[in-house]
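Next come the chains, spelled out residue by residue.
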Amino acid sequence: MKKISACIFDLDGVIVDTAKYHFKAWRRLANELGFDFTEKENEKLKGVGRIDSLKLILKWGGVKMDEASMQTLAAKKNEWYVEDVGKMTSDEIMIGVVDFLDELQAKKIKIGLGSASKNAVPILTQLEIKHYFEVIMDGTNVTKGKPDPEVFLKGAERLKIDPSNCIVFEDASKGVDAALKGGMYAVGVGKEADLGHAHHVIPDFKDLKFDALESILSTKEGIKQ
Ligand code: B16
Ligand code: MG
């Protein structure tokens, strides 16, 4: 296996559980439009950008509208979402994440963010962990959504690390696809049933040690695609 020199983290669902706030705001919007959608359907929105998420929700509700109206609704949903995430504290950082970031820093492993969210920088700032990230690639500086590998490849490029020397941590199936397409090691954060195509799956970062993870990955075939 190649030496791991960088770790790139997805944000929503990996560093912080913002999915519940996205769900609440999207559901409020759907309810205003006269329909509802389930938590199971919400799973399909993980890692999907704002406008693409809205398009899916409108499809579920059987609602058609023009691009300008969609922009207005997406902005409205974002206002509600920002109001909720604006109240988050560092207590909402997912278990083990800060210890793992500290370990990476101590080992001089580069740290990057690769998220579809346009709210990534304010969220990291709010959680008081922005300083860990040498490079932040998010919904404000990529054009193609996951499963396109753009967000991770640009991150690796800016970190000046070859993609094959990077681990990507992802909670979304499409995010794992993106990492694999980018030629990176993909570590799924969540359930094996959803993320089994990753090189390795962890339930969370609790007690995760970098050396142990590197040695697990060394037993894998390496780059899958
Ligand atoms: P925003 P990630 C994604 O973040 C979320 O999983 C997805 O639910 C959300 O729609 C998307 O960001 C856009 O977020 O509305 O804040 O720009 O998982 O790629 O970190
Ligand atoms: Mg995510």
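Provided above is the structure to which this section pertains.
Per-chain numbering applies: the sequence of each chain, read as written, is numbered from 1 onward. Both sets of labels track the order of writing: A upward for chains, 1 upward for ligands. For a predicted model such as this one, the threshold for reporting local features is a pLDDT of at least 70, and the threshold for listing and counting side-chain atom pairs is 80 or more; totals across whole chains, interfaces and linings nevertheless cover every residue. Side-chain metrics rest on all non-hydrogen atoms present in the structure, leaving aside hydrogens and water.

I'm lost on the pattern of salt bridges in this one. Help?
Side-chain pairs of opposite charge can arise where the charged atoms are in close proximity. Salt bridges are counted wherever a side-chain nitrogen of Lys or Arg sits within 4 Å of a carboxyl oxygen of Asp or Glu. Inspection of the entire model under this criterion finds 14 salt bridges. In this structure, the salt-bridge partner of Glu-32 is Lys-76, at a minimum N-O distance of 2.8 Å. Of this pair, Glu-32 sits in helix H1 (residues 19–32) while Lys-76 sits in helix H4 (residues 67–85), placing them 44 residues apart in sequence. Burial classes: relative accessible area under 20% of the type maximum marks a residue as buried, over 50% as exposed, and values in between as partly exposed (1.4 Å probe, protein chains only). Residue classification places Glu-32 among the partly exposed residues on the basis of a relative accessible area of 48%. The partner of Asp-211 in a salt bridge is Lys-107, and the shortest N-O contact between them spans 3.8 Å. Placement of Asp-211 in helix H10 (residues 210–218) and of Lys-107 in the loop between helix H5 (97–106) and strand E2 (110–114) is noted, with a sequence separation of 104 residues between them. Taken together, the shared-partner salt bridges connect Asp-10, Lys-146 and Glu-170 into one network. Put simply, DSSP marks the helices as runs of H or I at least four residues long and the strands as runs of E at least two long, and each gets a number from the N terminus on.

What is the right way to look at the site of ligand 1 in this model?
Any residue with a heavy atom positioned within 4 Å of a molecule or strand is treated as near that molecule or strand. Around ligand 1, the structure places 19 residues, and the nearest of them are Val-48, Ser-115, Ser-117, Lys-118 and Asn-119. A 3.5 Å cut-off defines polar contacts: any pair of N or O atoms within that distance qualifies, except that in protein one atom must be a possible hydrogen donor and the other a possible acceptor, and neighbouring residues in sequence count only when both atoms are side-chain atoms. Contacts to ligand 1 include Ser-115, whose side-chain N or O atom sits 2.7 Å from an oxygen atom. Between Ser-117 and ligand 1, the recorded distance is 2.7 Å, taken from a side-chain N or O atom to an oxygen atom. Calculation of accessible area relied on Shrake-Rupley with a 1.4 Å probe; when residues are assessed, cover is drawn exclusively from the protein chains displayed. Contact with the protein chains covers 97% of the free accessible surface of ligand 1, which is 470 Å². Mapped by element, the contributors of at least two residues to the shell around ligand 1 are helix H3 (50–61) and H4. In the scheme used here, Gly and all other residues not listed as nonpolar or charged are polar, with Ala, Val, Leu, Ile, Met, Phe, Trp, Tyr, Cys and Pro taken as nonpolar and Asp, Glu, Lys and Arg as charged. Taken together, the residues that form the shell around ligand 1 break down as five nonpolar, seven polar and seven charged.

In this structure, what is going on with the nonpolar core? I would like to understand it.
Within soluble globular proteins, side chains that are nonpolar generally end up buried alongside one another. Each nonpolar core is a collection of buried residues, namely Ala, Val, Leu, Ile, Met, Phe, Trp, Tyr and Cys, held together in the definition by side-chain atoms within 4.5 Å. Counting 54 residues, the largest nonpolar core has Phe-9, Ile-15, Phe-133, Ile-167, Phe-169 and Phe-205 as its most contacted members. The split into domains, and so the bounds of each, comes from an automatic or database assignment of domains. Inspection of this core shows a minimum of three residues originating in each of domain 1 (6–16 + 92–218) and domain 2 (19–85). Residue contacts are defined here by distance: any two heavy atoms, one from each residue, within 4.5 Å place the two residues in contact. Excluding anything up to four places from it in sequence, Phe-133 contacts Phe-9, Ile-15, Leu-101, Ile-111, Gly-112, Leu-113 and Leu-124. Counting 21 residues, the second-largest nonpolar core is a separate cluster that includes Val-142, Leu-159, Ala-186 and Val-201.

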